[in-house]
Amino acid sequence: TTLRGASMFDGNHTFTKTMVKFGELTNQYYKGDVEFDLRLNGELGVEKDYVTYLNQGIAIDYTILAPSNMARFAPSIPLMDMPFLFRDLDHWNTVLSSNILSPLEKELSDKADIVIVGYAGGGTRNLISNKKISNLQELSGHKMRVMGAPIQAQVFDAIGAAPSAIAYNEVYNAIQAGVVGGLENEAASIQNLKFYEVAPYVTKTAHTITVRPIVFSGKSFRKLPADLQAAIMKAGKEAGAFGRELESREDAIKLKQMADAGQVKVSDFANREQLLVMVKPVQDKFAASIGATELLEAIRTK
Amino acid sequence: MIKRSLESLCTVLRVLLAILVGALIIPVAMQVIARYTGVIPVYLWTEELATFIFIWVVMIGSVIAVWDGMHFDVQVIPDSSNPLVLFIQKAIVLILVGLFGVLFAWYGIDYAKFGYIQHSVMMNANQLIIHITVPLAGLLWCVFSLYRLFEAFEQYRSTAKKVAS
Amino acid sequence: MILTTGLACALLVGGFLLLVIARVPVAFALGLATIPVVALEVRLNPFIIIDRMFQSYNSFILLAVPFFLLAANLMNSGKITDKLIDLARVLTGWMPGGLGHVNVAVSMLFAGISGSSTADAAGCGKILIPAMIKEGYDRRFAIAITACSSVMGVIIPPSILMIVWGGVMQISVGALFLAGAIPGIMIGCALMATVYGFAKVYNYPIAMKPTLASTFQAFKGAALAMLTPVFVIFGIVAGIVTPTESAIIAAGYSLFLGMVVYRTVTPREVGTILYDTGRFASISLFAIGTASVFGWLLAYYNVPRLIIGFMTDMQLGGFGTALVIAFLFLFFGLFIDAIPTIIILGTVLLPVAIQADISPIVFAMIGIISLAFGLVTPPYGLCLLISASIGGMNVISVLKQVIIILLPMLFILLLVIIFPEISLWLPKTLMPNSFN
Ligand code: NA
Ligand code: NA
């Protein structure tokens, strides 16, 4: 059997490394013959396309995805990367090592026929701006680009920023021109897409610690022998843990690299706890709207 | 009769196309006005609506261009002066376009269904409203090019008659 | 079965060429050529092809295409083009081969206002090709110079291609706009020199001797139209609009000029213009869809990876790599539209360019100029097709003239490759912070 994977990035990216690890581990746990053909550099398209392929069981069998890309099928999925969901890296790691997210996994499997085999991720998303933003006052009215999901806009609206709709591939030019004052993203993206050239101020709001599920196409998964399925699930969990450790470590290193090179000026956000209070009603309302009030409570108390 | 109804169908599409291109200006202009003047609030769905309209523009436009024979082709070999050869050459092209249309329409049904199980993130619109353009465009390419094939045949017959007499 | 790279490549490229020779429209030929591969390959199915095609339209950046076309169409039907031609006449009409120079000069003016080359070929060609034929110019020369000069539309800013390029590859569109100015003007000068040569050989007449009054009149008439680039570039620099949105400013301003200032566009005509814009834009945009599928299949079978590997192995160095890049863009431009080529080839070659130490902005200029030349090279050269159909001739019969006119333009491309400062000087001077 040959299983095909896709990565939008090159061989050095943590997603790619995590998927390579996933392949190695599966081979280790499976007695039969299985090969992994991982295509890099967006050769097979972008994440949005991968979702379609996985749903249809074509072109690729596995990949790593941002949850927002699956929101079109399963509206509760954006809960996974809702801003201010996790208190810190420990909380995040505890939640992802447990099976607390299984209601979301079930919804995804039912509605999109996509199986989550593990959780990678670990980038910390911060504010990136063309001027310094270190407290609530400076944040007030700050025009920023947010990801295209209502919950993202609502959260940043709740903390006083002015969220704006701009296509991702226009963000660089929009900041340079001053159409918006910045965006929010993780260190790797700031580095890869050179956002620091136009927005050198990084404010450590740490509002999101990314969750990036390792996903398998339900259609391809069901065709595999049971022992291979078991090997994949086991390898997925472990590759996820490997990926989380790797990425959260590299995220901090990348931010430091950019700071040391003078590309970014990093500052803390004064009274970050205040933000948590401000966003709570928005989070509750969103959870209620997707019937996930209990799940949210369970994550918070974990 | 058939020609008249196809012609009027095409006229409807033409009017729709003009309206959609005009309508395309609205969400993008709103986006600029909202962000810069603050007169209206920032709507996050403008980008989504713009791309929705855009997809309809492309698909309708491609259909009209099949009816008008406006899709760009490339002449490598000069036209034959033999009416039969000319007819066959035209027929091959029209049949191939029609074939592409049939495949598009047929597999487009699945694609429309695939749209039906999804909702756009900002407007929460059922994606069927854009995915439906695929089978629709396929069907119309096919119908229009088959009618043009019929016309080409009629034209060939009349020239052949003239040559004979 | 699982196809090998070689077989898939042969089926795709061979099928496409065969279909094109059979005169299947290029957009459909690209789509039809994928059918055998999809039918034979077990890992692929029609769904994937349709999805690739559909998703390629799902892009905000492509909105610049209809908006810039709308602006240009409004200019053409609002008699703004006539005013530009009047200005070009007093500026260059007194030289031998007058109308030829006017043709080039008006394209430069038009290019500064519009982001589209095809609208230039159509709008200016409709007036100047008949005028040139009437004054005794060779019909083939009239067609060829109209087509070749129109390519400046996407090289001199603003430019649809640069907006797409900047968006796809994360490069400042403002810097690309500035980088295109000098190469664009150099191409204009090269074209004028060519016209002068033709005029000497064939004894072409001058068009007019301008008087002070006619010069003043022409400047006054064109002044408002010439403000468009100011608005577009100001809109981007002042941070009012993103590059894609700037296209809507150009369209809005042209509409204002046509309906309110010159009063040459009636509300009824606006409807017709919207329709024409929609139809023409969607013909090129539709081809982007099928081209994306075609390109995606090549990628699926690893063809770009082979190209990169091959080029890295050859150890060409900066200059050699740049030459190969230009050649690849020129070659693709023979068959496919510029925007899909940017999407298919540009992203593949960017890492190659960076490895060879070519600045991304210079790489962009090499790509865009080469692709602009593709607008006049058959089999698929839209501007040449348009001007040939206005002049009532077959594309093949004007080929010789096109090649003669293209040669000096290719020389300018070579200069851009050899001296990166031609592109870099202006953006470095005016936008130093886009270079870190
Ligand atoms: Na231009
Ligand atoms: Na011209």
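Rules and cut-offs
- Residues numbered from 1 in each chain as written.
- Chains lettered and ligands numbered in written order.
- Predicted model: local features only at pLDDT ≥ 70, side-chain atom pairs only at ≥ 80, totals over all residues.
- Heavy atoms only, no water.
- Salt bridge = Lys/Arg side-chain N within 4 Å of Asp/Glu carboxyl O.
- Helix = DSSP H or I, 4+ residues; strand = E, 2+ residues; numbered from the N terminus.
- Buried < 20%, exposed > 50% of the residue type's maximum accessible area, 1.4 Å probe, protein only.
- Donors = N, O, S within 2.8 Å, 3.2 Å for Na, K, Ca; no water.
- Phe/Tyr/Trp six-rings, centres within 6.5 Å; stacked < 30°, edge-to-face > 60°.
- Lys NZ or Arg CZ within 6 Å of the ring centre and 35° of its normal.
- Contact = heavy atoms within 4.5 Å.
- Buried area = accessible area lost by both parts, 1.4 Å probe.
- Nonpolar A, V, L, I, M, F, W, Y, C, P; charged D, E, K, R; others polar.
- Patch = residues over 30% accessible without salt bridge, like charges linked within 9 Å, V, L, I, M, F, W, Y side chains within 5 Å.
- Areas by Shrake-Rupley, 256 points an atom, 1.4 Å probe, with all protein chains shown as cover.
- UniProt positions renumbered as here; feature names shortened; annotations may be inferred.
- 1 Å grid on protein atoms, 1.4 Å probe; cavity = no way out; pocket = protein on both sides within 12 Å on 5 of 7 lines; lining within 4 Å.
- Points joined across faces, edges and corners; volume = space filled by probe spheres on them.

## So, the pattern of salt bridges
Move 1: Applying the stated rule across the entire model yields 25 salt bridges over all chains.
Move 2: Put simply, Arg52(C) and Asp49(A) hold a salt bridge, and the shortest N to O gap is 2.7 Å. With Arg52(C) in helix α4 (residues 46-56) and Asp49(A) in helix α2 (residues 47-56), this residue pair bridges two chains. When sorted by exposure, Arg52(C) lands in the same class as Asp49(A), which is buried.
Move 3: Salt bridges sharing partners connect three or more residues here, namely Arg125(A), Glu184(A), Glu186(A) and Arg212(A).

## Observations regarding the coordination of the sodium ion (ligand 2)
Residue and element names in this part refer to chain C.
Move 1: For the sodium ion (ligand 2), the protein coordination sphere consists of Asn103 (O), Asn103 (OD1), Ser107 (OG) and Ser149 (OG), at 2.2 to 2.8 Å.
Move 2: Counting along the primary sequence, the residues that act as donors to the sodium ion (ligand 2) give the motif N-x3-S-x41-S. Linking serine 107 in helix α7 (residues 98-113) with serine 149 in helix α9 (residues 139-150), this pair joins segments that are 42 residues apart in sequence. Here serine 107 matches serine 149 in class, with each residue buried.

## Some points on the packing of aromatic side chains
Move 1: Counting across every chain of the model gives 34 aromatic pairs over all chains.
Move 2: Aromatic side chains Phe114(B) and Phe47(C) sit 5.0 Å apart centroid to centroid with 80 degrees between the ring planes, which places their arrangement in the edge-to-face category. A residue pair is termed interchain when its members come from two chains, as with Phe114(B) in helix α3 (residues 83-116) and Phe47(C) in helix α4.
Move 3: We classify Phe47(C) as buried; its relative accessible area is 5%.
Move 4: With 5.4 Å between their ring centres and 75 degrees between their planes, Tyr300(C) and Tyr301(C) make a pair best called edge-to-face. Tyr301(C) carries the same exposure label as Tyr300(C), and that label is buried.
Move 5: Each residue in the set Phe22(A), Phe36(A), Tyr62(A), Phe216(A) and Phe221(A) is aromatic and connected to the rest through ring pairs, giving one cluster.
Move 6: Across from the ring centre of Trp67(B), 3.9 Å away, lies the NZ or CZ of Arg148(B), which sits over that ring.

## Quick look at the interface of chain B and chain C
Move 1: Contacts between the two partners involve 54 residues from chain B and, on the opposite side, 50 residues from chain C.
Move 2: Buried area between chain B and chain C, summed over both chains or domains, comes out near 5,100 Å², and the portion from carbon and sulfur atoms is 79%.
Move 3: The largest per-residue losses of area from chain B upon contact with chain C belong to Phe54(B), Phe72(B) and Val74(B), which jointly make up 16% of the total buried on that side.
Move 4: Put simply, chain B and chain C have 1 salt bridge between them.
Move 5: Between Arg279(C) and Asp68(B) there is a salt bridge whose closest N-O contact spans 2.5 Å.
Move 6: Those elements giving two or more residues to the side of chain B that touches chain C turn out to be α1 (2-37), α2 (46-68), α3, α4 (128-131) and α5 (133-164) of chain B.
Move 7: It is α2(B) that provides the largest number of residues to the side of chain B that touches chain C, a total of 14 residues.
Move 8: Class assignment for the residues of the side of chain B that touches chain C results in 36 nonpolar, 11 polar and 7 charged.

## Thoughts on a nonpolar patch on the surface
Residues and elements named next belong to chain C.
Move 1: On the surface, a nonpolar cluster with roughly 800 Å² of combined accessible area is contributed by Leu224, Leu227, Val230, Phe231, Phe234, Leu255, Phe256, Met259, Val260 and Val261.
Move 2: Within the residue set of the nonpolar patch, elements represented by two or more residues are α13 (228-237) and α14 (243-261).
Move 3: If you trace the backbone, phenylalanine 234 turns up in helix α13.

## Structural notes on the UniProt feature "transmembrane region" (unreviewed entry) in chain B
Residues and elements named next belong to chain B.
Move 1: UniProt marks residues 12-34, 49-70, 91-109 and 129-150 with the feature "transmembrane region" (unreviewed entry), using the numbering shown here.
Move 2: End-to-end, the C-alpha atoms of residues 49-70 are 28 Å apart, and along that stretch the chain is 91% helix and 0% strand.
Move 3: Secondary structure content for residues 91-109 is 100% helix and 0% strand, and the end C-alpha separation is 27 Å.

## Concerning empty space enclosed by the protein
All names here are of chain C.
Move 1: Per the counting criterion, the structure on display carries 5 cavities of 30 Å³ or more.
Move 2: Of the volumes computed, that of the largest cavity is approximately 240 Å³.
Move 3: Around the largest cavity, the lining is made up of 17 residues, and of these Thr118, Ile160, Ser284, Asp337 and Ile339 lie nearest the centre.
Move 4: Residue assignment for the lining of the largest cavity shows that the elements contributing at least two residues are α5 (64-77), α8 (117-134), α10 (160-169), α15 (267-300) and α18 (338-355).

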